[in-house]
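Each chain is listed here by its residues.
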Amino acid sequence: MRVGVYLADFRPDTGGGYTFQEEVVRAFASVAGTSSHQFVLLGGGKKQGGVGSAFGLVYESVGASAWERRRLTLGNYSPLLRRIWSGPGPMERAAGRLGLDCIWYPGGGAYEV
């Protein structure tokens, strides 16, 4: 199985989300090599790539354009707009491109809902 691990863009100075995610991903990365599964770190920025690089995990940036961010936000509030603009978002496109079977969000929440 090929698993994507999405790293949310938490800032270290805004609460416990950053620390929680950092600790969980560090613990996970230290044992990921013992699994028969393949893991890919995903995130919206380049700065997060260092989290798993020490453990040999690949990092892929999954960024959305300003238009896509607006489209996703408006789609959350309007069923009509969500239906009109239906189609794969940046995360779904990245998952297809990378051949991922599932995506784990260790920081909680979901990217495209």
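Note that the coordinates shown come from a computational prediction; the quantities given were computed from them, not determined experimentally.

Visitor: Residues and numbers for the overall build of the protein, please.
Guide: The secondary structure content of the protein amounts to 5 helices and 4 strands. When the helices and strands of the protein are listed from N to C terminus, the series reads β-α-β-α-β-α-α-α-β. Taken over 113 residues, the protein has a buried fraction of 34%. Taking all contacts inside the protein whose residues are at least 6 apart in sequence as the whole, residues at least 24 apart take part in 59%.

Visitor: Kindly report on the sheet that holds strand β1 (residues 2-7), identifying the contributing residues and their values.
Guide: With parallel pairing, the 4 strands of this open sheet are ordered in space as β3-β2-β1-β4. In this open sheet, the two edge strands, each paired with only one partner strand, are β3 (58-61) and β4 (102-104). Neighbouring strand axes in the sheet, compared pairwise and without regard to direction, differ in orientation by 30° on average. Where β1 lies against β4, 3 bridges are found, and the strand directions are parallel. Along β4, the bridge assignment pairs V3 with C102. Sitting on the sheet, helix α1 (residues 16-32) is in contact with β1, β2 (38-43) and β4, with an inclination near 155° to β1. Docked against the sheet, helix α5 (residues 90-98) engages β1, β2, β3 and β4, running at close to 150° with respect to β2.

Visitor: So what's going on with α1? Residues and values would help.
Guide: For α1, spanning 17 residues, the distance from its first C-alpha to its last is 24 Å, which sits close to the expected 24 Å at 1.5 Å a residue. Those residues of α1 lying buried are Q21, E22, V25, F28, A29 and A32. One face of α1 carries all of its buried residues, which in axial projection span an arc of 145°. Residues of α1 that are exposed and angled more than 90 degrees away from the buried face: G16 and E23.

Visitor: Report on the pairing of β2, specifying residues and quantitative values.
Guide: Extensive coverage of β2 is indicated by the burial of 5 of its 6 residues. Sheet topology note: the β1/β2 ladder contains 6 bridges and is parallel. Counterpart to R2 in the pairing with β2 is Q38. Each parallel crossover has a hand, and the one from β1 via α1 to β2 is right-handed. Inspection of the sheet shows β2 paired to β3 by 4 bridges, in the parallel sense. Bridge pairing links V40 to V58 in β3.

About the thresholds
Residues numbered from 1 in each chain as written. Predicted model: local features only at pLDDT ≥ 70, side-chain atom pairs only at ≥ 80, totals over all residues. Heavy atoms only, no water. Helix = DSSP H or I, 4+ residues; strand = E, 2+ residues; numbered from the N terminus. Buried < 20%, exposed > 50% of the residue type's maximum accessible area, 1.4 Å probe, protein only. Contact = heavy atoms within 4.5 Å. Pairing = 2+ DSSP bridges. Axes fitted to C-alpha atoms, helices over the stretch in contact; angles between N-to-C directions. Expected span 1.5 Å × (residues − 1). Arc of directions from axis to C-beta. Right-handed = clockwise from strand over helix to strand, strands pointing away.

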